[in-house]
Amino acid sequence: MSQPPVLIGADTTPRSQPPAHAFLDPELVASAVRLRDDAERMLMEHRFAVEEILTKVNILREEFLHLHNYNPIEHVGSRVKTMESILNKAVRKGCEPTIECIREHIFDIAGVRITCSFIADTYEILRALASQNDVRVLEIKDYIKNPKASGYKSLHAIIEIPVFLSTGPVPVNVEVQIRTIAMDFWASLEHKIFYKYRGEVPPHLAGELRDAAATAAQLDARMERLHAEVQGSARDDDAKSMDSTTVQQMVQFFRSTKTADSVHPH
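These numbers were taken from a predicted model, which means no experiment stands behind them. (Residues numbered from 1 in each chain as written. Predicted model: local features only at pLDDT ≥ 70, side-chain atom pairs only at ≥ 80, totals over all residues. Heavy atoms only, no water.)

Caption draft 1: The arrangement of the packing of aromatic side chains in detail. Counted by the stated rule, this structure contains 2 aromatic pairs. Seen in terms of ring centroids, tyrosine 143 and tyrosine 152 are 6.0 Å apart; in terms of plane orientation they differ by 65°. Their pairing is edge-to-face. Exposure class is identical for tyrosine 143 and tyrosine 152. Each is buried. One Lys or Arg, lysine 148, reaches over the ring of tyrosine 143 and ends 5.0 Å from the middle of that ring. Positioned above the aromatic ring of tyrosine 152, the side-chain terminus of lysine 148 is 5.1 Å from the ring centre. (Phe/Tyr/Trp six-rings, centres within 6.5 Å; stacked < 30°, edge-to-face > 60°. Buried < 20%, exposed > 50% of the residue type's maximum accessible area, 1.4 Å probe, protein only. Lys NZ or Arg CZ within 6 Å of the ring centre and 35° of its normal.)

Take a look at the structure:
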């Protein structure tokens, strides 16, 4: 096939296409840019809030190890939603296209998940977090005592903490989920099945999940009983060890201190 003739002197330089927003209302574009800039700052604040919570959890972990020779926290994970996910949720909730509306109606932009060994640990960690002076508890949902119909179990708390920026403190909401290893394993499987079937889980799989949730609950209860028995024995051993080693060293220390005072009185 012959090529069309090229006119002598014609400008054959490829023309770049104008950006898509060039055809939009300038005021609408300006609003979108402001929303983007405000959203980036909001996401930054939520990342900082997650770091604050992780620091608090790590301090609790070390304190438990020091005071009780026991770590109730098995694993900690965190995430901050993407802007795409936040906007999709904002549309579902009927939010206005403003950061203020998003902050007011979406509380799980930042999330921290704490996996504990036993059920009692989940409540103890929540109590320890909630009792801190800079933590304000907005909502608690106890799905351990009141599981969802699917069998899902976990402690959910929406807490507010201050993030200290150069312009001053900013209150930020963080969703904290606390569950046992067995609950976490079950929830991970349910999540995969839910998304595989786009929320329409076949009845026979839903029934299997409920049965598995009951089995996981039985496992949690049995392991907690074993743990209580072992911890009781461990405390007895610690007391004996304290009597036979540390206490003797303390007595010797106080004796040496008194001897030094008698030789060199103040």
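The structure having been displayed, the exposition proceeds.
Caption draft 2: Seen up close, the pattern of salt bridges. Counted by the stated rule, this structure contains 9 salt bridges. The shortest N-O distance in the salt bridge between glutamate 45 and arginine 41 comes to 3.5 Å. Taken together, the residues span about one helical turn, with glutamate 45 and arginine 41 both in helix α1 (residues 26–68) at a distance of 4 residues. According to the relative accessible area criterion, glutamate 45 is buried, its value standing at 3%. In this structure arginine 41 comes out as partly exposed when scored by relative accessible area, which is 39%. A single salt-bridge network, built from bridges that share partners, covers Arg41, Glu45 and Arg103. (Salt bridge = Lys/Arg side-chain N within 4 Å of Asp/Glu carboxyl O. Helix = DSSP H or I, 4+ residues; strand = E, 2+ residues; numbered from the N terminus.)

Caption draft 3: Up close: the layout of surface pockets. Counted as a void, the largest pocket has a volume near 1,200 Å³. Together, 38 residues line the largest pocket, and Asp108, Arg113, His156, Glu175 and Gln177 are the ones closest to its centre. Residue contributions to the lining of the largest pocket peak at 8 residues, all from helix α5 (residues 181–196). Class assignment for the residues of the lining of the largest pocket results in 11 nonpolar, 12 polar and 15 charged. (1 Å grid on protein atoms, 1.4 Å probe; cavity = no way out; pocket = protein on both sides within 12 Å on 5 of 7 lines; lining within 4 Å. Points joined across faces, edges and corners; volume = space filled by probe spheres on them. Nonpolar A, V, L, I, M, F, W, Y, C, P; charged D, E, K, R; others polar.)

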